[in-house]
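Analysis of the macromolecular model
Chain residues, written in single-letter form:
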Amino acid sequence: MDVREIELRRVRMPLVRPFRTAHGVEHERDVLVVRIATDGADGWAECVAQNEPTYTSEWAGGAHAVIRDFLGPLVLRAPVTADGVAARLAEVQGHPMAKAALETAVLDAELRTAGRSLASFLGATRDRVECGVAVGIANSIDALLDECAGYLAQGYRRVKLKIRPGWDVEPVAAFRKRFGSVPLQLDANGAYTLADASILGALDEFELLCIEQPLGVDDLRGHAGLARLIATPIGLDESITSARVAREAIEMQACAVVCIKPGRVGGLLEAVRVHDVCRDRRVAVWCGGMLETGLGRAANLALAALPGFTLPGDLSASDRYFDRDLTEPFVIEDGHLRVPDGPGVGAVPDRDALRDLTTAVEVLTRA
Ligand code: NPG
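The rules behind these values
Residues numbered from 1 in each chain as written. Predicted model: local features only at pLDDT ≥ 70, side-chain atom pairs only at ≥ 80, totals over all residues. Heavy atoms only, no water. Helix = DSSP H or I, 4+ residues; strand = E, 2+ residues; numbered from the N terminus. Rg over C-alpha atoms; globule rule 2.2 N^0.38 Å. Buried < 20%, exposed > 50% of the residue type's maximum accessible area, 1.4 Å probe, protein only. Contact = heavy atoms within 4.5 Å. Areas by Shrake-Rupley, 256 points an atom, 1.4 Å probe, with all protein chains shown as cover. Near = heavy atom within 4 Å. Polar contact = N/O pair within 3.5 Å; in protein donor to acceptor, adjacent residues only side chain to side chain. Nonpolar A, V, L, I, M, F, W, Y, C, P; charged D, E, K, R; others polar. Domains from an automatic or database assignment. Buried area = accessible area lost by both parts, 1.4 Å probe. Salt bridge = Lys/Arg side-chain N within 4 Å of Asp/Glu carboxyl O. Pairing = 2+ DSSP bridges. Axes fitted to C-alpha atoms, helices over the stretch in contact; angles between N-to-C directions. Expected span 1.5 Å × (residues − 1).

Okay, the overall build of the protein chain next. A tally of regular secondary structure across the protein chain gives 12 helices and 13 strands. Against the 2.2 N^0.38 benchmark of 21 Å for 367 residues, the protein chain shows a C-alpha radius of gyration of 20 Å, consistent with a compact globule. By principal-axis analysis of the C-alpha atoms, the protein chain measures approximately 60 × 40 × 35 Å. Burial analysis of the protein chain (367 residues in total) assigns 58% to the buried set. Across the protein chain, the fraction of contacts at a sequence separation of at least 24, relative to all contacts at a separation of at least 6, is 72%. Only carbon and sulfur atoms are counted for the fraction: they give 49% of the accessible area of the protein chain, which is about 14500 Å².

Okay, structure coming up:
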């Protein structure tokens, strides 16, 4: 593809309710939307870097700057194919979410030009995927349970509760008491240490699908130690930054389950390689979410339709997060979301929504 122009657009997406994790609370998302103009079709992608560098070191403003100053010029320099984007950008250290957005935009343009869907290109074997819902830390247990009841009534098949020290055994016990055996997993976002093993062990009785990322990002050995102390399977998210790290973590028995987020591993192509590593080793996988608009969600759905994604994803309908999505809304049907089958990622931002929600636009062209 000859990429002639890269448009970097910031879009303000108010959330229908605040989303609180161990790291902080989001009231709205500042989303970086990338559009590339090529010699074929335009390509679109959403960068999943969040508002602030609290979840990982990337944030929307930083991703915008690194694309403008370093990554964008490398893509514009000479024609590139999607499977060559990672190598082209390798001289810049880090910034996997910014790199993933560029790779996805190039891939989207290629597939739209060829009239092929992302799902078919990646190797999807399903046309719909089961939905899970992630529920942030609430103001009270009653408020948490009421929020969960609403999602279960809408058909979500699995609940993931955010936990942190002081908000763990009690809400989980209350959930089990009210909702019985609904598939449940927990996400600590790295908020515990090995010294908390007894609290984490106290969660064993609740028959959880997994506890996600109980310890720090770079602590594979700690997770392996914890796995020997508790019965609940450990799922890793933030720690899994590539297919190589996934293989190491599995070999060390640091995790029994893996969360795949394309942005976190540098793009959809590496995400498929993580999937393959896990599938070959019979490690269960689910597709993570990062409060994506419909644009990012469409790509996640294509990925989550691969055969190794054996657990429901953090894939919810548009109305879980937004009153007005950037694309045609994704709607939950019988506990599932449909995998887009149109060309490319299968969703494009709605022109009016883009116009109304955009806060800034910058266009990069060849020097
Ligand atoms: O449904 O998109 C979703 C959110 C799922 O909990 C979720 N994401 O740690 O995985 C996470 C978490 C997250 C939320 C991460 C916001 C970063 C920002």
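Taken together, 18 residues are adjacent to the ligand, and Asn189, Lys261, Gly289, Leu291 and Tyr321 come closest. Within the backbone of Leu291, a nitrogen or oxygen atom sits 2.9 Å from an oxygen atom of the ligand. In the model, an oxygen atom of the ligand is placed 2.8 Å from a nitrogen or oxygen of the Tyr321 side chain. Coverage of the ligand by the protein chains reaches 98% of its 430 Å² of free accessible surface. Residue composition of the shell around the ligand, by class: 6 nonpolar, 4 polar and 8 charged.

Time to look at unusual backbone geometry. Even without being glycine, His95 reaches a positive phi, approximately 55°. Structurally, His95 is set in the loop between helix H2 (82-89) and helix H3 (96-114).

What the domain assignment lists for the protein chain is domain 1 (3-115 + 351-365) and domain 2 (120-338). A straight line from the C-alpha centre of domain 1 to that of domain 2 covers 23 Å. Listed as interface residues are 36 residues of domain 1 and, on the opposing side, 40 residues of domain 2. Overall, the association of domain 1 and domain 2 removes approximately 3200 Å² of surface from exposure, summing both partners, and the carbon and sulfur fraction of that is 67%. For domain 1, the biggest contributors to the area lost against domain 2 are Phe19, Arg20 and Tyr55; these three give 22% of the whole. Across the contact surface, domain 1 and domain 2 share 2 salt bridges. When the shortest N-O distance is used, the salt bridge between Arg324 and Asp356 registers 2.9 Å. Broken down by secondary-structure element, the contributors of at least two residues to the side of domain 1 that touches domain 2 are strand S1 (3-21), strand S2 (24-38), strand S3 (43-47), H2, H3 and helix H12 (351-357).

Taken in spatial order, the 7 strands line up as S5-S6-S7-S8-S9-S10-S11 in an open sheet, and their pairing is parallel. For this open sheet the edge positions go to strand S5 (132-135) and strand S11 (284-287), each flanked by a neighbour on one side alone. Packed on one face of the sheet, helix H10 (residues 268-280) meets strand S10 (257-260) and S11 and runs near 170° to S10.

Turning to the sheet that holds S3, a few remarks are in order. Taken in spatial order, the 4 strands line up as S3-S2-S1-S13 in an open sheet, and their pairing is antiparallel. The sheet terminates laterally at S3 and strand S13 (358-365), the two strands that pair on one side only. With direction set aside, neighbouring strand axes in the sheet form an average angle of 20°. Summarising the sheet, S1 and S13 pair through 7 bridges and their orientation is antiparallel. By the bridge assignment for S13, Val11 is matched with Thr358.

So, on to the pairing of S1. Note that S1 and S2 share 14 bridges and pair antiparallel. Its bridge partner lying in S2, Glu7 is registered against Arg35. Linkage of S1 to S2, two consecutive antiparallel strands, is achieved through a turn of 2 residues.

The next point concerns helix H5 (residues 141-154). Every α-helix carries 3.6 residues per turn, so stepping three or four residues along brings you back to the same face. For H5, spanning 14 residues, the distance from its first C-alpha to its last is 20 Å, which sits close to the expected 20 Å at 1.5 Å a residue. Among the structural elements, S1, S5, strand S6 (158-162) and helix H6 (169-179) are those in contact with the buried residues of H5. Just past H5, the residue Gly155 takes up positive phi, approximately 110°.

The subject of this paragraph is the environment of Thr358. In this fold, Thr358 is placed in strand S13. Taking relative accessible area as the criterion, Thr358 reaches 22% and is therefore assigned partly exposed. In this structure, the C-alpha to C-alpha distance between Thr358 and Gly136, residues 222 residues apart in sequence, is 27 Å. Each residue touching Thr358, except ones within four places of it in the same chain, is listed here: Arg9, Arg10 and Val11. A polar contact of 2.9 Å, which involves the side chain of Thr358, links it to the side chain of Arg9. For Thr358, the side chain forms a polar contact with the main-chain oxygen of Leu354, separated by 2.5 Å.

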